[in-house]
Amino acid sequence: MILSIPHLFNQQMNEAAGMTEHPGFGVMLARLLDQREFSVQKLAKRAELTANAVRGVLAGEAPSEGLLRRIAPVVGFRAVDLFILAGLAVPEDMAPLDAAAERWAPYIVMDAVHLPSAERRELLQLIRSLPQEKRFSVFAVKRLAAHAGPGGWVIRMLQYRNLGWSGMAKVLAVVTPTYLSASTYGVIGDGRKELTPRLVTDFAALLGIDARELATLTGVHPRELPPVPAPEAMDAAVLLWEARRLSAAQAQHVAELARSMRGDSARRYFVNLPGS
């Protein structure tokens, strides 16, 4: 018998109750489709897949690389994030171009959020217009503990935005109310510090993911409806994502330009966003 998405979701949630191990990508996909009221047929048609292929993943089969790439735009997620949620190795073509650009990525965002929206758009256009350079090294991230759970998922997503622990601490402290030490992000990533609703909301803003959907996927739900991210935070998410295509030299150029656009005010990084 083929189960409906709500039935499958409830059954798999009951099986996973009380477990700390990865619930399985099928469970998380079912949660997402259930929230969006997406049928198997609707997802399959839009992603140009067979309904049986989608049902197989919902039933616990490991998703293929091709399936993840196809469903990502349909469900409104970055493909790299779906690979992380599925517990699969991220393909090289989805990784940031240059790990050395990690030094500059946080400063692009930290200065940009203080600029008027028109100037933030100028920076974004510049990033997108820079010539695409070749990849000369394999992108590698710090290892996280196996079965780290939801904390590991969101920290890995930020790593693939070319942020290290220090970069996460700097950027989140500027664009959200969250202020944590750099080492704390490593603890979260290893599953030794639980996610809170506040963290889920703030991580979602920087990842460019709807906070309600990230809460659904992680199982960490806020008591109240999460606020809409401030425009600066939404722009920060886009800038951070687009900066992944830059080499270290290009990222340095953009960071220095963002600093010069701020002028004398660049000595301070604080920005008072709504909800802080």
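As a starting point, this report considers the structure included with it. (Residues numbered from 1 in each chain as written. Predicted model: local features only at pLDDT ≥ 70, side-chain atom pairs only at ≥ 80, totals over all residues. Heavy atoms only, no water.)

What follows concerns unusual backbone geometry. Of note in the backbone geometry, Glu48 takes a positive phi value of approximately 60 degrees without being a glycine. Considering the arrangement of structural elements, one finds Glu48 in the loop between helix H3 (40–47) and helix H4 (51–58). Of note, the phi angle at Asn162 is positive, near 65 degrees, even though the residue is not glycine. With respect to the helices and strands, Asn162 occurs in the loop between helix H9 (150–159) and helix H10 (165–175). (Helix = DSSP H or I, 4+ residues; strand = E, 2+ residues; numbered from the N terminus.)

So, about the pattern of salt bridges. Side chains bearing opposite charge may pair, as long as their charged atoms lie close to each other. This model, assessed by the stated rule, comprises 13 salt bridges. The salt bridge involving Arg259 is made with Asp111; its shortest N-O contact spans 3.1 Å. Pair noted here: Arg259 is in helix H15 (residues 248–262) and Asp111 is in helix H7 (residues 105–112), with a separation of 148 residues, a long-range link. Residue classification places Asp111 among the buried positions, given a relative accessible area of 1%. Across the salt bridge formed by Glu242 and Arg128, the nearest N and O atoms sit 3.4 Å from each other. Residue Glu242 is found in helix H14 (residues 231–242), and its partner Arg128 is found in helix H8 (residues 117–129); the two are separated by 114 residues along the sequence. According to the relative accessible area criterion, Arg128 is partly exposed, its value standing at 47%. It is possible to trace a salt-bridge network through shared partners that takes in Glu65, Arg69 and Asp93. (Salt bridge = Lys/Arg side-chain N within 4 Å of Asp/Glu carboxyl O. Buried < 20%, exposed > 50% of the residue type's maximum accessible area, 1.4 Å probe, protein only.)

Looking now at the environment of Gln252. Tracing the backbone shows Gln252 in helix H15. Given the relative accessible area of 30%, Gln252 is considered partly exposed. In this structure, the C-alpha to C-alpha distance between Gln252 and Trp104, residues 148 residues apart in sequence, is 5.6 Å.

With the rule as written, the count across this model stands at two aromatic pairs. Aromatic side chains Phe139 and Tyr160 sit 5.3 Å apart centroid to centroid with 55 degrees between the ring planes, which places their arrangement in the tilted category. Within this pair, whereas Phe139 is found in the loop between H8 and H9, its partner Tyr160 is found in the loop between H9 and H10, the two being separated by 21 residues in sequence. A relative accessible area of 11% means that Phe139 is categorised as buried. Ring plane angle 65 degrees and centroid distance 6.2 Å describe the contact between Tyr185 and Phe203, whose orientation is recorded as edge-to-face. Of the two residues, Tyr185 is situated in helix H11 (residues 182–189) and Phe203 in helix H12 (residues 197–207); the sequence distance between them amounts to 18 residues. Judged on exposure class, the residue Tyr185 and its partner Phe203 are both buried. (Phe/Tyr/Trp six-rings, centres within 6.5 Å; stacked < 30°, edge-to-face > 60°.)

Okay, the packing of H3 against H4 next. Direction vectors running N to C along H3 and H4 enclose 120 degrees, while the axes themselves pass 8 Å from each other. Overall, the two elements H3 and H4 adopt an arrangement that is oblique. Crossing of H3 against H4: the hand is right-handed. Along the contact surface, H3 presents Val40, Gln41, Leu43 and Ala44, while H4 presents Ala51, Val54, Arg55 and Leu58. Here the residues of the contact of H3 with H4 sort into six nonpolar, one polar and one charged. (Axes fitted to C-alpha atoms, helices over the stretch in contact; angles between N-to-C directions. Parallel < 35°, antiparallel > 145°, perpendicular 65-115°, else oblique. Left-handed = near helix turned anticlockwise from the far one by under 90°. Contact = heavy atoms within 4.5 Å. Nonpolar A, V, L, I, M, F, W, Y, C, P; charged D, E, K, R; others polar.)

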